[in-house]
2 protein chains.
Amino acid sequence: MKALRNVGRLFSPGEAVRAGADVLIEGDRVVAVVPAGEGRADEEFDCEGGLLTPGLIDAHTHPVYLRARLEEVSRRAGGASYSQIAGEGGGIQATVRETRAASALQLEQSTRSRLSFWIEQGTTTVEAKTGYWLEEQGELSAVRLLAGLSSDAALPRLVVTFLGAHDLPPESMGDRAAYVEAVCRWCPAAKSAGAEFCDVFCDRGAFTVEESERILLAARAAGLGLRLHADELALTGGARLGARLRASSADHLLQIGEEEMRALAAAGTVATLCPVTALTMGQLPPARRLLEQGVTLALGTDHNPGTSGTTSMSLIVYLAVMEFKLDVEQALSAATAGGARSLLLADRGGVSRGQLADLVLWDADHEGAFAWEPGLRARRVWRGGQLAASDG
Amino acid sequence: MKALRNVGRLFSPGEAVRAGADVLIEGDRVVAVVPAGEGRADEEFDCEGGLLTPGLIDAHTHPVYLRARLEEVSRRAGGASYSQIAGEGGGIQATVRETRAASALQLEQSTRSRLSFWIEQGTTTVEAKTGYWLEEQGELSAVRLLAGLSSDAALPRLVVTFLGAHDLPPESMGDRAAYVEAVCRWCPAAKSAGAEFCDVFCDRGAFTVEESERILLAARAAGLGLRLHADELALTGGARLGARLRASSADHLLQIGEEEMRALAAAGTVATLCPVTALTMGQLPPARRLLEQGVTLALGTDHNPGTSGTTSMSLIVYLAVMEFKLDVEQALSAATAGGARSLLLADRGGVSRGQLADLVLWDADHEGAFAWEPGLRARRVWRGGQLAASDG
């Protein structure tokens, strides 16, 4: 038995923040939260009055690539449009060319070193998408790479999402139907290789609602959970599709209206919101209204090589408070229990008996720090009860 | 002679970004920027193709206090108003009570440890205000503390600003005139103790334009440079006053209009903008319009115990791009040369012969990284040619 003693404040979603508590851990699980000093333990750690939360959960990332497209980022900051850059061969297609040409070793090294930033900053579970090959063997190699890295105790746990439908590949020559059918065919192999979800970029300029439905139905038949990029650039019906299919998550939702919100609530589909993307796009999702309608929120960095370099879910919590006007507990709940729900994981996202002992001690003694310091620092991070990161 | 070799990209304000260069340093100064491999040196450092910039300059901070008001931050995120909290004895007054009660040693330790975060993250000069005592001896002790810390080579260089006019002290019992006269009287002693500027919080609910003018004139007579918090909460005339007095800097400017911008441009007063504060207030300053009108921009974290916990100027550059729609070079220029100008410092803010060798090697090979990763990491930071921080 291990004890985290002298926790100043303990946040666990759905409960009042607890002042003064100890957390008892056996193996990789929390066995009890007890009043300060209670319970016997062989090993004790003094939290010195600090704030403890469940490990944060990043519910939307694209982490398998070689290098960020920084020159393009700089041009966009200077006013160039995404469509102009895509028209010149930039955007997702530029990353696709680069990942296809990269060696497996290069990709593993860059992905591994990148993922270590998440856990150092207090994120213990990361949803991780493929989508930078757009051909069968490459997409499956990305699934296998991610599934393999998930068991590395020095990295966050990964939940792998197959995103063959991220864009059309260059060799499709505009034959959309053929590529959609191909993605449908790859779903069973993606599942066998370790994917747990299938995602589709359903939007204007990407896949239509009909194409997305076809792919998601094939994914469901293959045993994959469903999520989708929905109504980010335009209201094309992605959220309604997600609700109709009872997808686990509909993501971004910058353009949705009341009707779509009610549909998500009725279907139990989680709304995964990405504050950095909202900032980049200059358009806010209706976060508070979603909560009022009864939709569960999750949060994601949307980390990707073109628009979002962050690996810090504490920064995302900060931005969710500032941009979306969530209160601190709402934002933290979205970054923990909400993420777990969007990933269909019942074993994490809270601090209570039977949950995984994925825990973070923050460099603060009050949860208000998340709304004061953008990117609050993690002092100690435990993954399954084992110390996985420490600030020195 | 020391050489930083193999700089991949060198940013220096007012010049095109230079691809491939070496920087030669003698003592604490840059002596030349030369083509790769040129120049002889006794000591060489390999920048491995990374991005080098001048040390960033934070032109607006309030770093002398004991603890952040995190419970209050949490309540504000939940909807409580600043005036409600101030009415209950919170806000600046709560910090004033705490700093007055703290020991000099406690304050030195917390201020020192806080300031180390700035330099680790690539900021080599920090404007630092007093303002949490609001009585003579305390304010002067804060000036002396900051002036003393400025020579610590492990911390950023500090430029001390006397901000006795941050708020009315509790013992003033509303006798505004008496406190304004007192602040005027303290200016010469603040100058002798090491302050270089005087600042006034000129706004609705704080000091009026007339009170601010009286204090700033006394400050000028005492040999202090002038800056002011202006037109942040309401358009009360702070920016116009700043322009009329040819202040070095007018800060925040969330509420100003065209006429105020023209006045600042004509006076040569720098506009110091604080993106975190703009985010907190939900109100943007007219940053691009200020540039168009010919006003020089500087940037600041506005670090303070109530609303802004950030110590990262690379995050501020990111937010200036995202919120203010500056391009990367405009934002970096504001965070270097603009800050130097607002502080009347001709010896820093660029990388060229004779400038201080305050330099940062970033964890990126292109300046676009500032607009991709919020809070880009510094790999190495030199203060006056000496390595002051390293990422491990």
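*Asks:* What's the story with the pairing of strand 10 (residues 225-230) of chain A in this structure? I'm lost.
*Replies:* It is a general feature of regular strands that their side chains alternate between the two faces of the sheet. Residues and elements named next belong to chain A. Burial within strand 10 is extensive, with 6 of its 6 residues counted as buried. The two faces of strand 10 match: Gly225, Arg227 and His229 on one face and Leu226, Leu228 and Ala230 on the other face are all buried. Following the chain from strand 9 (residues 197-202) across helix 7 (residues 209-221) to the adjacent parallel strand 10, one finds a crossover that is right-handed. Pairing of strand 10 with strand 11 (residues 249-252), which is carried by 4 bridges, proceeds in the parallel orientation. Note on strand 11: the bridge partner recorded for Leu228 is Ala250.

*Asks:* Any chance you could explain the interface of chain B and chain A here in plain terms?
*Replies:* In many analyses, interface size is given as the accessible surface area lost on bringing the parts together. Counting residues at the interface gives 42 residues for chain B, matched by 42 residues for chain A. Summed over both partners, the interface of chain B with chain A comes to about 2900 Å²; 66% of that surface belongs to carbon and sulfur atoms. Area buried by chain B at its contact with chain A is led by Leu70, Leu279 and Trp372 of chain B, which between them contribute 25% of it. Here chain B and chain A share 0 salt bridges between them. The tally of links between chain B and chain A comes to 4 residue pairs in polar contact (both at pLDDT 80 or more).

*Asks:* What's the story with the relation of the copies chain B and chain A in this structure? I'm lost.
*Replies:* Applying a rotation about an axis and a shift along it to one chain copy brings it onto the other copy. The transform that puts chain B on chain A rotates by 180° and translates by 0.0 Å along the axis, for an RMSD of 0.0 Å. On the angle and the small slide along the axis, the relation comes out as a two-fold axis. Closest approach to the rotation axis within chain B is made by the C-alpha atom of Gly375 of chain B, at a distance of 4.3 Å. Comparing interface residues between copies, 100% of those in chain B also sit at the interface in chain A, which points to an isologous, same-surface contact.

*Asks:* Looking at this model, I keep getting lost on the nonpolar core. Mind explaining?
*Replies:* Buried together is how nonpolar side chains tend to be arranged in soluble globular proteins. Membership of the largest hydrophobic core comes to 214 residues, with the highest contact counts inside it found for Leu253 and Leu290 of chain A together with Leu253 and Leu290 of chain B. Once residues lying within four places of it in the same chain are set aside, the contact partners of Leu253 of chain A are Ala230, Asp231, Ala239, Leu264, Ala271, Leu273, Pro285, Pro286 and Leu290 of chain A.

*Asks:* Before we go on, may I ask you to explain helix 5 (residues 136-149) of chain B in this structure?
*Replies:* An α-helical turn contains 3.6 residues, so any two residues separated by three or four positions project in the same direction. All names here are of chain B. With 14 residues, helix 5 should cover 20 Å at 1.5 Å per step; its first-to-last C-alpha distance of 20 Å lies within 8% of that length. Within the span of helix 5, buried status applies to Gly138, Glu139, Leu140, Ala142, Val143, Leu145, Leu146 and Leu149. Looking at the buried positions of helix 5, the neighbouring elements they touch are helix 4 (104-120), strand 7 (123-129), strand 8 (157-165) and helix 6 (176-193). The distance from a side-chain oxygen at the start of helix 5 to the backbone nitrogen of Gln137 is 3.1 Å, and the residue carrying that oxygen is Glu135.

*Asks:* Would you mind showing me how to read the state of the cysteines here?
*Replies:* In protein structure, a disulfide is the covalent linkage between the sulfur atoms of two cysteines. Residue and element names in this part refer to chain A. Under the definition given, this model contains 0 disulfides over all chains. Lacking any disulfide linkage, Cys198 is separated from the closest cysteine sulfur, that of Cys187, by 4.5 Å. Sulfur of Cys274: no disulfide; nearest cysteine sulfur belongs to Cys202 and is 16 Å away.

*Asks:* In this structure, what is going on with the pairing of strand 11 (residues 249-252) of chain B? I would like to understand it.
*Replies:* Residue and element names in this part refer to chain B. Tracing the backbone out of strand 10 (residues 225-230), into helix 8 (residues 238-244) and back to the parallel element strand 11 gives a crossover that is right-handed. When strand 11 meets strand 12 (residues 270-273), the two strands line up parallel, connected through 3 bridges. Bridging from a neighbouring strand, Ser249 pairs with Val270 of strand 12. Crossover connection from strand 11 via helix 9 (residues 258-267) to parallel strand 12: handedness right-handed.

*Asks:* Could you clarify how one ought to interpret the packing of helix 5 of chain B against helix 6 of chain B in this entry?
*Replies:* Between two packed helices, both the angle of their axes relative to each other and the distance between the axes serve to describe the pair. Residues and elements named next belong to chain B. Look at helix 5 against helix 6: their axes get within 9 Å of each other, and the N-to-C directions meet at 20°. Relative to helix 6, helix 5 is oriented roughly parallel. As for the relative orientation of helix 5 and helix 6, their crossing is right-handed in sense. Here helix 5 contributes Glu136, Leu140, Val143, Arg144 and Ala147 to the contact with helix 6, which in turn contributes Trp186, Ala189, Ala190 and Ala193. Grouping the amino acids of the contact of helix 5 with helix 6 by side-chain chemistry returns 7 nonpolar, no polar and 2 charged.

*Asks:* Help me understand the domain arrangement of chain A, please; the structure alone is not making it clear to me.
*Replies:* Residues and elements named next belong to chain A. Splitting chain A by domain gives domain 1 (2-55 + 349-390) and domain 2 (56-342). With centres defined by C-alpha atoms, the gap from domain 1 to domain 2 works out at 29 Å. Between domain 1 and domain 2, the contact holds 27 residues from the first and 29 residues from the second. Overall, the association of domain 1 and domain 2 removes approximately 2100 Å² of surface from exposure, summing both partners, and the carbon and sulfur fraction of that is 66%. At the surface where domain 1 touches domain 2, the tally comes to 1 salt bridge. Its salt-bridge partner being Asp358, residue Arg157 comes within 2.7 Å of it at the nearest N-O pair. In terms of residues, the side of domain 1 that touches domain 2 owes the most to one element, strand 15 (residues 378-383), which gives 4 residues. Residues of the side of domain 1 that touches domain 2, tallied by class, amount to 17 nonpolar, 5 polar and 5 charged.

*Asks:* How should the packing of helix 4 of chain B against helix 5 of chain B be read in this particular structure?
*Replies:* Residues and elements named next belong to chain B. As a packed pair, helix 4 and helix 5 sit with axes 11 Å apart at the nearest point and diverge in direction by 45°. When the axes of helix 4 and helix 5 are compared, the pair comes out oblique. Viewed along their axes, helix 4 and helix 5 form a crossing whose handedness is right-handed. Between helix 4 and helix 5, the residues in contact are Leu107, Glu108, Thr111, Arg112 and Leu115 and Leu145, Leu146 and Leu149, respectively. A breakdown of the residues in the contact of helix 4 with helix 5 according to their chemical character gives 5 nonpolar, 1 polar and 2 charged.

*Asks:* What's the story with the sheet that holds strand 11 of chain A in this structure? I'm lost.
*Replies:* Whenever strands of a sheet pair, they do so through backbone hydrogen bonds, lying parallel or antiparallel. Residues and elements named next belong to chain A. Pairing in this open sheet of 8 strands is parallel, and the strands run 6-7-8-9-10-11-12-13 from one edge to the other. At either end of the open sheet lies a strand with only one pairing partner, and these are strand 6 (56-58) and strand 13 (297-299). Adjacent strand axes in the sheet meet at a mean angle of 25°, parallel and antiparallel pairs treated alike. One ladder, built from 6 bridges, connects strand 9 with strand 10; its direction is parallel. Among the inter-strand pairings, Phe201 is bridged to a residue of strand 10, identified as His229.

Cut-off values and rules
Residues numbered from 1 in each chain as written. Chains lettered and ligands numbered in written order. Predicted model: local features only at pLDDT ≥ 70, side-chain atom pairs only at ≥ 80, totals over all residues. Heavy atoms only, no water. Buried < 20%, exposed > 50% of the residue type's maximum accessible area, 1.4 Å probe, protein only. Helix = DSSP H or I, 4+ residues; strand = E, 2+ residues; numbered from the N terminus. Right-handed = clockwise from strand over helix to strand, strands pointing away. Pairing = 2+ DSSP bridges. Contact = heavy atoms within 4.5 Å. Buried area = accessible area lost by both parts, 1.4 Å probe. Salt bridge = Lys/Arg side-chain N within 4 Å of Asp/Glu carboxyl O. Polar contact = N/O pair within 3.5 Å; in protein donor to acceptor, adjacent residues only side chain to side chain. Least-squares fit on C-alpha atoms with pLDDT ≥ 70 in both. Core = buried A, V, L, I, M, F, W, Y, C linked by side-chain atoms within 4.5 Å. Expected span 1.5 Å × (residues − 1). Disulfide = S-S within 2.5 Å. Axes fitted to C-alpha atoms, helices over the stretch in contact; angles between N-to-C directions. Parallel < 35°, antiparallel > 145°, perpendicular 65-115°, else oblique. Left-handed = near helix turned anticlockwise from the far one by under 90°. Nonpolar A, V, L, I, M, F, W, Y, C, P; charged D, E, K, R; others polar. Domains from an automatic or database assignment.

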